[in-house]
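Structure assessment
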Amino acid sequence: QVQVVESGGGLVQPGGSLRLSCAASGSISSINAMNWYRQAPGKQRELVAGIRSSGSTNYADSVLGRFTISRDNAKNTVYLQMNSLKPEDTAVYYCNTLVVVGLIEYPYWGQGTQVTVSS
């Protein structure tokens, strides 16, 4: 059993910053990748940023230069530093982890954390 728990969401004014955290725990052999997705009302869930075990990262064009993803492999934790936030960043942010259990990779999702950017 693997648990994925996000934290750090909240209400922030445009131009402000927030830092999201996501910790995975349980029967984990290793984690191949940790990703942040978001879903705004009436829209499809989209990939925001991802980081692999090698440290390589990828970002959606809409957040490039404003968001930074980082990872603490020892703690099975991923962070998303969000700066210069815009109202269009408002969404529920979900953590997705690709966990290796034994020899098989499984995707696990957190419950989501709300980020609201509004004045």
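The following paragraphs examine the structure supplied in this document. (Residues numbered from 1 in each chain as written. Predicted model: local features only at pLDDT ≥ 70, side-chain atom pairs only at ≥ 80, totals over all residues. Heavy atoms only, no water.)

**Structural notes on the pattern of salt bridges**
If you walk through the whole model with that rule in mind, you get three salt bridges. A salt bridge links E46 to R38; the nearest nitrogen and oxygen atoms lie 2.7 Å apart. A relative accessible area of 5% places R38 in the buried class. Here D89 makes a salt bridge to R66, at a shortest N to O gap of 2.8 Å. Pair noted here: D89 is in the loop between β8 (77–82) and β9 (91–101) and R66 is in the loop between β6 (57–59) and β7 (67–72), with a separation of 23 residues, a long-range link. Linked by salt bridges that have partners in common, R38, E46, R66 and D89 make up one network. (Salt bridge = Lys/Arg side-chain N within 4 Å of Asp/Glu carboxyl O. Buried < 20%, exposed > 50% of the residue type's maximum accessible area, 1.4 Å probe, protein only. Helix = DSSP H or I, 4+ residues; strand = E, 2+ residues; numbered from the N terminus.)

**Regarding the nonpolar core**
If you look at the biggest cluster of nonpolar residues, it comprises 29 residues, and the most contacted ones within it are W36, V48, F67, V78, L80, M82 and Y93. Looking at this core, the elements that each hand over two or more residues are β1 (2–7), β3 (18–26), β4 (30–39), β5 (46–52), β7, β8, β9 and β11 (113–117). Ignoring anything within four residues of it in the chain, the contact list for L80 reads L18, R19, L20, W36, V48, A49, F67, T68, I69 and Y93. (Core = buried A, V, L, I, M, F, W, Y, C linked by side-chain atoms within 4.5 Å. Contact = heavy atoms within 4.5 Å.)

**Describing the environment of V101**
Note that V101 resides in strand β9. The exposure class assigned to V101 is partly exposed, which follows from its relative accessible area of 28%. Taking the C-alpha atoms as reference points, V101 and I31, separated by 70 residues in sequence, lie 8.9 Å from one another. Ignoring any residue separated from it by four or fewer positions in sequence, one finds V101 in contact with V2, S27, S29 and Y106.

**Notes on the side chain of N35**
Position of N35 among the secondary structure elements: in strand β4. Judged by relative accessible area, which is 11%, N35 ranks as buried. Apart from the residues lying within four places of it in its own chain, the contact partners of N35 are L47, A49, G50, I51, Y94, C95 and N96.

**Some remarks on the packing of aromatic side chains**
Applying the stated criterion across every chain yields a total of two aromatic pairs. Plain terms: the ring middles of Y37 and W109 are 5.0 Å apart, the flat faces sit at 55° to each other, and that makes the pair tilted. A residue pair is termed long-range when its members are at least 10 positions apart, and Y37 in strand β4 and W109 in strand β10 (residues 104–109) qualify at 72 residues. Taking relative accessible area as the criterion, W109 reaches 38% and is therefore assigned partly exposed. Each ring, one from Y106 and one from Y108, has its centre 6.5 Å from the other, and the planes form 55°; the classification is tilted. Judged by relative accessible area, Y108 falls into the partly exposed class, the value being 24%. The lysine or arginine in question, R45, covers the ring of Y94, its NZ or CZ lying 3.8 Å from the ring centre. Between the NZ or CZ atom of R45 and the centre of the ring of W109, over which it lies, the distance is 4.8 Å. (Phe/Tyr/Trp six-rings, centres within 6.5 Å; stacked < 30°, edge-to-face > 60°. Lys NZ or Arg CZ within 6 Å of the ring centre and 35° of its normal.)

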